[in-house]
Amino acid sequence: MNKLIRRKVDRELPGVSPLLNRLYVGRGIVDVEDLDHSLANLLSPDSFKGMSQSVSVLQEAIVKQQRILIIGDFDADGATSSALMVSCLKAMGAQYVDYLVPDRFKFGYGLTPEIVAVALGFSPDVIVTVDNGISSVEGVDAAVSNNIKVVITDHHLSGAILPAADAILNPNQPGCNFPSKALAGVGVAFYLLSALRSSLREINWFRQEQPNLADFLDLVALGTIADVVPMDRNNRILVAEGIRRIRAGRARPGIYALISISGADYKRVTSRDLAFGVGPRINAAGRLENMSLGIECLLADHDHALELAERLQQLNVERKSIEAEMKAQAQEHISQYHTLGQNEFGVGVCLFHPQWHQGVVGIVAARIKDQIHRPVIAFAKVSETELKGSARSIPGLHIRDALDTIAAKNPGLLVKFGGHAMAAGLSIEPGNFDRFHKLFDEEAKRRLSQEDLEQVVVSDGEIGEELSLSLASMVIEAAPWGQGFPEPVFDGEFEVLDQRIVASRHLKLKLRPINGTNTIEAIAFNHDRLLERRQMRLAYRLDINRYRGRESLQLIVECVDLDLAG
């Protein structure tokens, strides 16, 4: 049984309804001004370390018409960052802009010396990394030795040694005083382009209409949501304005094609639609083929965008099939502990199967992490000399810091690693898997308390009024919800009127609130067993189901069988 904890509310915001007050205050809002998501409230770039140097390099490249090559990453943040840089630099007058994304199966992540060798074929004067580069010491050295200037834009945590680039723009680098450390890679790129436009304006570069940076916020919103970075106020502003433009019909054809193929309505698109509908389809390109397909979709005109979106849809279906098989194998591995009479599978969990797909191990790690509430690293075999791991963590364990500690105490064990608090990537030699697993488990046990390991559902409480379509709409539209500013979850007692398994893995329900009269449709995703009791406390999110032009209230069940903490 999962432990249920309700958010505490200790103040009242003026002019806000009791329900919304509970949601906002429970997420740390202390002033109604924090709910103003207009662009005028966006943080200034003035305190960004490395901004003037970055702008100087790119301004010279544009004015002198030098060749600029964008080096991207193979996820949705990297794809949106690449599309943003290419399209915006061209709009500013750069004539020679191209991009290159490392093939994860050949080169791995980031600006490596091998990718620099490929980049030489583009004859670049300037390389700009997006969503990568802060750990690319050797790659930057290779570029500089070939007389290429390098500007790094990234948001990942840096190592002990920074690359010798011409400029580094990263809010998480040492000495950067930019107030928000939560920007995604696409957010960092947006700030650079904004400052670059201002600088070009000062030298009277724009002889005709200058680009409106707000017109590129559809890409910023998508990349920010897809990268699951904390949704602080600055990111909420970027996302809210981006979604507003998508709804108004002012976004890229590729985004509209992906929204359509995911089954959503662009006029009512939400952060949830972008996170679970659009983002995975772009990511499928980087996971199974090459992210160039996703970037091209974001840069394409209407007809070509539809064609590319169809291809991304096919890849996403293929990804789901691969994921289902890998997840089943991972669950079988976990269940073996119970079969052997062991109730505990450790605190830091490492999983490996020789047939696993390296592009999908991150999803599997996330799914198992959610299931067992432990930090999980899933590994795939890249070659006879390398296992590539993708890590997902739980609150209480900063996964990159944990890997850094292990690497420092065991030189040579980790071939390479990098990442964030909640997600990271690493490589080890196959013969070191068992040793690494043991060390990771020990480090996780050292950092996590028993309380951290409890499966806890955080709720906004019982909703306190009749569940309705209008209520669901109000809650969904109340803010751009996301990581660190989560979509509201409520709890309540329900009678189960009917239930069935759909699509082999989801539980479809008909519910009636206790002391209520309405019958409500509900679904529990990735819950493939029927409920044993007819009455229970559920945690749920409000949703609107749209089908053939009709709208109806639907609950998305997050957790069943809850124990309300005292």
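These numbers were taken from a predicted model, which means no experiment stands behind them. (Residues numbered from 1 in each chain as written. Predicted model: local features only at pLDDT ≥ 70, side-chain atom pairs only at ≥ 80, totals over all residues. Heavy atoms only, no water.)

Asks: Looking at this structure, I do not really get the overall build of the protein chain. What am I missing?
Replies: Within the protein chain one finds 16 helices and 18 strands. Compactness check: the protein chain gives a C-alpha radius of gyration of 24 Å against a globular reference of 24 Å for 566 residues, within 12% of the reference. Oriented by its inertia axes, the alpha-carbon framework of the protein chain measures out at about 75 × 55 × 45 Å. Here the protein chain, with 566 residues, has 54% of them falling under the buried criterion. A fraction of 67% describes how many contacts in the protein chain between residues 6 or more apart in sequence connect residues 24 or more apart. Total accessible area on the protein chain is roughly 24,700 Å²; 47% of this is exposed by carbon and sulfur atoms. The protein chain carries 61 positive and 71 negative side-chain charges, and their two centres are separated by 2 Å. (Helix = DSSP H or I, 4+ residues; strand = E, 2+ residues; numbered from the N terminus. Rg over C-alpha atoms; globule rule 2.2 N^0.38 Å. Buried < 20%, exposed > 50% of the residue type's maximum accessible area, 1.4 Å probe, protein only. Contact = heavy atoms within 4.5 Å. Areas by Shrake-Rupley, 256 points an atom, 1.4 Å probe, with all protein chains shown as cover. Lys, Arg positive; Asp, Glu negative; His and termini not counted. Charge placed at Lys NZ, Arg CZ, Asp CG, Glu CD.)

Asks: What should I look at first to understand the environment of Ala 94 in this one?
Replies: Mapped onto the fold, Ala 94 is located in the loop between helix H3 (76-91) and strand E3 (97-100). A relative accessible area of 6% places Ala 94 in the buried class. Between the alpha carbons of Ala 94 and Ala 61 there is a distance of 7.8 Å; along the sequence they are 33 residues apart. In this structure Ala 94 touches Ile 62, Gln 65, Ile 68 and Leu 89, once residues within four positions along its chain are discounted.

Asks: I tried to follow the packing of aromatic side chains on my own but got confused; where do I start?
Replies: Given two aromatic rings, one states the distance between the centres and the angle between the planes to describe the pair. Tallied over the entire structure, the rule returns 13 aromatic pairs. Judged by centre distance (5.4 Å) and plane angle (15°), the rings of Trp 481 and Phe 485 are stacked. Under the relative-accessibility criterion, Trp 481 is labelled buried at 5%. By relative accessible area, Phe 485 is classed as buried at 2%. An aromatic cluster of at least three residues, connected via ring pairs, comprises Phe 352, Phe 379, Phe 433, Phe 436 and Phe 440. When the ring centre of Trp 205 is taken as reference, the NZ or CZ atom of Arg 207 above it lies at 5.6 Å. Its end group placed over the ring of Phe 485, Arg 236 keeps NZ or CZ at 4.2 Å from the ring centre. (Phe/Tyr/Trp six-rings, centres within 6.5 Å; stacked < 30°, edge-to-face > 60°. Lys NZ or Arg CZ within 6 Å of the ring centre and 35° of its normal.)

Asks: What am I meant to see in the nonpolar core here?
Replies: By size, the foremost hydrophobic cluster in this structure holds 138 residues, and its most contacted members are Ile 70, Leu 89, Leu 467 and Leu 542. Per element, the largest residue contribution to this core is 10 residues, and it comes from helix H6 (residues 185-202). The contact partners of Leu 467, leaving out residues within four places of it in the chain, are Phe 494, Pro 513, Asn 518, Ile 520, Tyr 540, Leu 542, Leu 553 and Leu 555. In this structure, Ile 394, Ile 399, Ile 406 and Phe 433 belong to the second largest nonpolar core, which totals 25 residues. (Core = buried A, V, L, I, M, F, W, Y, C linked by side-chain atoms within 4.5 Å.)

As far as function goes, none of this settles anything; it's purely spatial.
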